[in-house]
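# Coordinates in review
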Amino acid sequence: MEMDKGLISGSMALLVMKLLEDGDKYGYQMIEELKRRSDNTFHLKAGTLYPLLHGLEEKGLVTAYEREAAAGKPRRYYHLTEQGSAALREKERAWNVYARAVGRVLKGGACCAGA
């Protein structure tokens, strides 16, 4: 089943920051990791990822640096900053509140029966 792009776009910054929480990564690595962690649900394209990363960098949530790769061409790695970690925690809290509320509505308001 194809995922609704509207559902995905609003959460992509959260997902990318979460990928960086456990260590610095380069773009292709993030694309593959997101695909793996989501059981092939998310297929992020480079044309979507890099503008997102540049926006996070402008906000001070990630930093970027280059490191030589085995093939000799340098790779650009991204690192979650302290400010990014704090923003990630807040985004996760907000997402969890949202997901619980959507779940309650989809279940027909079972949480509030008899209220």
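A brief report on the enclosed structure follows. (Residues numbered from 1 in each chain as written. Predicted model: local features only at pLDDT ≥ 70, side-chain atom pairs only at ≥ 80, totals over all residues. Heavy atoms only, no water.)

### Some remarks on the nonpolar core
Core analysis: the biggest nonpolar cluster contains 22 residues, and Val16, Met17, Met30, Leu44, Leu49 and Leu56 have the highest contact counts within it. Secondary-structure elements contributing two or more residues to this core are α2 (12–21), α3 (27–37), α4 (46–58), β3 (74–80) and α5 (82–106). Among the elements that line this core, the one with the most residues is α2, at 7 residues. Not counting residues up to four positions away in its chain, the partners in contact with valine 16 are Met30, Leu44, Leu49, Leu52, Leu53 and Leu56. (Core = buried A, V, L, I, M, F, W, Y, C linked by side-chain atoms within 4.5 Å. Buried < 20%, exposed > 50% of the residue type's maximum accessible area, 1.4 Å probe, protein only. Helix = DSSP H or I, 4+ residues; strand = E, 2+ residues; numbered from the N terminus. Contact = heavy atoms within 4.5 Å.)

### Thoughts on α5
End to end, α5 covers 36 Å across 25 residues, agreeing with the expected 36 Å (1.5 Å per residue, within 8%). Inspection of α5 places Gly84, Ala87 and Leu88 among the buried residues, and these make up the whole buried set. Looking at the buried residues of α5, the elements they touch are α2 and β3. Two residues or fewer after α5 comes glycine 108, characterised by a positive phi angle close to 85 degrees. (Expected span 1.5 Å × (residues − 1).)

### Digging into the sheet that holds strand β1 (residues 25–26)
Note on sheets: strands pair through backbone hydrogen bonds, and any given pair is parallel or antiparallel. If you walk across this open sheet you meet the 3 strands as β1-β3-β2, and the pairing is antiparallel. Of all strands in the sheet, those bounded by a partner on one side alone are β1 and β2 (62–68). Note: β2 against β3, 7 bridges, orientation antiparallel. Among the inter-strand pairings, tyrosine 65 is bridged to a residue of β3, identified as tyrosine 77. The strands that α2 touches are β1, β2 and β3; relative to β3, the one it contacts most, it runs at about 100 degrees. (Pairing = 2+ DSSP bridges. Axes fitted to C-alpha atoms, helices over the stretch in contact; angles between N-to-C directions.)

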